Amino acid sequence: MAVLILAGIQFVIVVDETTVALLAPAVAREFGLGDIARQILITPFAVGFVAGLPTTALLLRRIDPRRVLPAATAAFAVTAGLGALAPSAPLLVGARVLQGLAAAMVATSALASLHVITRSDPRRLRAFAAYSMVSGSGAVVALVAFAPLAQVSWRWCFVTIALAALGLSVAWAALGYRTGGAPEPTESPGVGQSRDADARAETVRTATMLAAVVGANAALSAVVITVSFVLQQDCGWTTTLTGLGFLPLNAAAAVALVAVSPLAARWGVGAVLAGGLLVIVVGCGLLAASPPTPLYLLGSTVVVGAGIGIVFPLVNSGSLASAQEQPLGRAAWLGAAQQLGVAAGALVAAAHSGGAIGALAAVLGAAVVAGLVVLGRCGGVAAL
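What you see is a predicted model, and the numbers here were worked out from it, not measured in a lab.

> Break down the packing of helix α5 (residues 124–136) against helix α10 (residues 247–267) for me, citing the residues and quoting the values.
Remark: α5 packs on α10, axes separated minimally by 9 Å, with the N-to-C direction vectors making an angle of 175°. It follows that α5 is roughly antiparallel to α10 by the angle criterion. Judged by residue contacts, L125, R126, A129, S132, M133 and G136 of α5 engage N250, A254, L257, V258, V260, S261 and A264 from α10. Here the contact of α5 with α10 is built from residues that sort into eight nonpolar, four polar and one charged.

> How would you explain the nonpolar core if you had to name every residue and give the values?
F76 and I280 are the most contacted members of the largest nonpolar core, which totals 105 residues. Element by element, the count of residues in this core is highest for helix α1 (residues 2–31), at 15 residues. Discounting chain neighbours no more than four positions away, the residues touching F76 are V12, I13, D16, F45, Q99, A102, A103, V106, I161 and A165.

> So what's going on with helix α6 (residues 138–152)? Residues and values would help.
Along its 15 residues, α6 runs 20 Å from first to last C-alpha, staying within 8% of the 21 Å computed at 1.5 Å per residue. When we look at burial in α6, the residues that qualify are G138, V140, A142, L143, F146, A147 and A150.

> How would you explain the pattern of salt bridges if you had to name every residue and give the values?
In total, this model carries four salt bridges according to the counting rule given. When the shortest N-O distance is used, the salt bridge between R123 and D121 registers 2.9 Å.

> Any details on empty space enclosed by the protein? Residues and values, ideally.
The rolling of a water-molecule-sized probe over the atoms marks out the regions of remaining empty space. Under the definition given, this model contains one cavity of 30 Å³ or more. The computed volume of the largest cavity comes to approximately 30 Å³. The wall of the largest cavity is formed by I9, V12, I13, T73, F76, V106, A165 and L168. Residue assignment for the lining of the largest cavity shows that the elements contributing at least two residues are α1, α3 (65–85) and α7 (154–175).

> Before we move on, can you summarise the packing of aromatic side chains with the specific residues and values?
By the definition in use, this model includes three aromatic pairs. On the basis of an interplanar angle of 85° and a centroid distance of 5.9 Å, the ring pair of W154 and F158 is categorised as edge-to-face. Here W154 and its partner F158 are both found in helix α7, four residues apart, which amounts to about one turn of the helix. Through a chain of ring-to-ring contacts, the aromatic side chains of F31, W154 and F158 assemble into a single cluster.

> Tell me about a nonpolar patch on the surface, and please be specific about residues and values.
Residues V78, L82, L98 and L101 make up a contiguous nonpolar surface patch of about 330 Å² in total accessible area. Those elements that place two or more of their residues in the nonpolar patch are α3 and α4 (89–118).

> Tell me about the environment of L340, and name the residues and values.
Topologically, L340 is positioned in helix α13 (residues 327–350). Along the backbone, L340 and G215 are 125 residues apart, and their C-alpha atoms lie at a distance of 9.2 Å.

> With reference to specific residues and values, describe the side chain of R124.
As for its placement among the helices and strands, R124 is situated in helix α5. Summary of buried charges: R124 has no salt-bridge partner, and the nearest side chain of opposite charge, D121, is 9.4 Å away. With near-sequence residues (within four places) excluded, R124 lies in contact with H115, T118, R119, S317, L320 and A321.

> Which residues make up the packing of α4 against α5, and what are the values?
Their axes nearest at 10 Å, the elements α4 and α5 cross at an angle of 155°. In terms of orientation, α4 and α5 fall into the roughly antiparallel class. Considering the relative orientation of α4 and α5, their crossing is right-handed. Packed against α4, whose contacting residues are A110, L111, L114, H115 and T118, the element α5 presents R124, A127, F128 and Y131 at the interface.

How each quantity is defined
- Residues numbered from 1 in each chain as written.
- Predicted model: local features only at pLDDT ≥ 70, side-chain atom pairs only at ≥ 80, totals over all residues.
- Heavy atoms only, no water.
- Axes fitted to C-alpha atoms, helices over the stretch in contact; angles between N-to-C directions.
- Helix = DSSP H or I, 4+ residues; strand = E, 2+ residues; numbered from the N terminus.
- Parallel < 35°, antiparallel > 145°, perpendicular 65-115°, else oblique.
- Contact = heavy atoms within 4.5 Å.
- Nonpolar A, V, L, I, M, F, W, Y, C, P; charged D, E, K, R; others polar.
- Core = buried A, V, L, I, M, F, W, Y, C linked by side-chain atoms within 4.5 Å.
- Buried < 20%, exposed > 50% of the residue type's maximum accessible area, 1.4 Å probe, protein only.
- Expected span 1.5 Å × (residues − 1).
- Salt bridge = Lys/Arg side-chain N within 4 Å of Asp/Glu carboxyl O.
- 1 Å grid on protein atoms, 1.4 Å probe; cavity = no way out; pocket = protein on both sides within 12 Å on 5 of 7 lines; lining within 4 Å.
- Points joined across faces, edges and corners; volume = space filled by probe spheres on them.
- Phe/Tyr/Trp six-rings, centres within 6.5 Å; stacked < 30°, edge-to-face > 60°.
- Patch = residues over 30% accessible without salt bridge, like charges linked within 9 Å, V, L, I, M, F, W, Y side chains within 5 Å.
- Areas by Shrake-Rupley, 256 points an atom, 1.4 Å probe, with all protein chains shown as cover.
- Lys, Arg positive; Asp, Glu negative; His and termini not counted.
- Left-handed = near helix turned anticlockwise from the far one by under 90°.

Given below as C-alpha cells:
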C-alpha cells in the first residue's frame, strides 16, 4: 500500500506535467495570449522544479523524507489550486513557479521514501518497478482522460490535480509512519581499506546509474515529442487519439516492468541494464528510419517502451542504493538527471529530423558500449 501511495503521488505530478500541454490554447483564449501561453504553463514550472532540487537536498538532507512528504504533497495541491484560481497571466506564472518548487520537493521525497521503506526488503526491485509502472501511466491518463476535461475548462484540470494530491497527502500521513523508524545506514560506520573500496564501488555504481537516467529520459522525451508532433501535425490526429496511440508503448513498458525483477535475478543488474538501453537504441533507430506513417511510428515507440520498462526501475533503485542516511540528496541528483535527460530529448525533437533521432541512438549506443568497457576494466561491473 505504501508503494502504491508513493506511486500515486508521482503519478499526479506526471499528469500535471503532461496536461499543461493540452491547456495552452484555452489559456491563450482566456487571457488574450498567443503561442506564449505554452511557455507560461511549462517554463515557469520547469524553472521552479530545477531550482527546487538543490534547495530540497540542502534543507531536508537530515530529515526523514517520509515526514516531509505529506506537507510537500499538500503544498503541491495548494499551488495547483492557485493556478486554477489565477485571474491573470502573471499570477498564473507565479503559481506555476511555486508548483514547480513544490513538485521538486514532492518528487525527491517520494523517491527517497521508497528507498527507505524498501532498503532491506527483498522485493525492492519489484517495488521500484511497480512505482515506475503506476507513475509512468500518468502521461497517457492525462492525454486520454484530461483532454475532454480541458475542453470544458482548463481550470478544472488544475482543480482535479489539486484534489488528487490533497487526498494522497492525507493517505500517506495516515499510512507512511507505519513503514518503520528513521532511516538507517546500509553499512557499518567502520573505517579502513575495505570501506574505501566500497566507497569507490558506490561512486562507480551511482555515476553509471545517473548517466543511464539521462540517456533513457532523453530517448523517451525525444521519441514521444517527435511522434506526437508528426501524428497531430502531419497525420491529422487529435490529442485524444494520439494519447490512445501511445497505449501500446505503455503496455510494452508494463510487460517489461513485470519481467525486470526475475531477469535481474538471473542475469545480473548490469547485463539487464545494458540490454534495456540497447533496446531503447534499437527503438530510436527504427523511428529514425521509419516512414512517417502512424503504424511505423507507433511500432517504434513500442520498442522504446519495452526498453524503458527495463531501465527505469533499475536506474531508480540503483541510483539510491548507496544513499545511506541522507536519501533526499541522492533523490535530488536523480531528479536533476531526469530533467536534464528530458530537456536534452526535447532539443533533439525540436530539430524535427530523423537524423537527430538517429544521432541520439548512436550516441546512446556508443555510451553503453564505452561504459561496459570502462566498468569492466575498473571492476565496476560487479558494483552494479
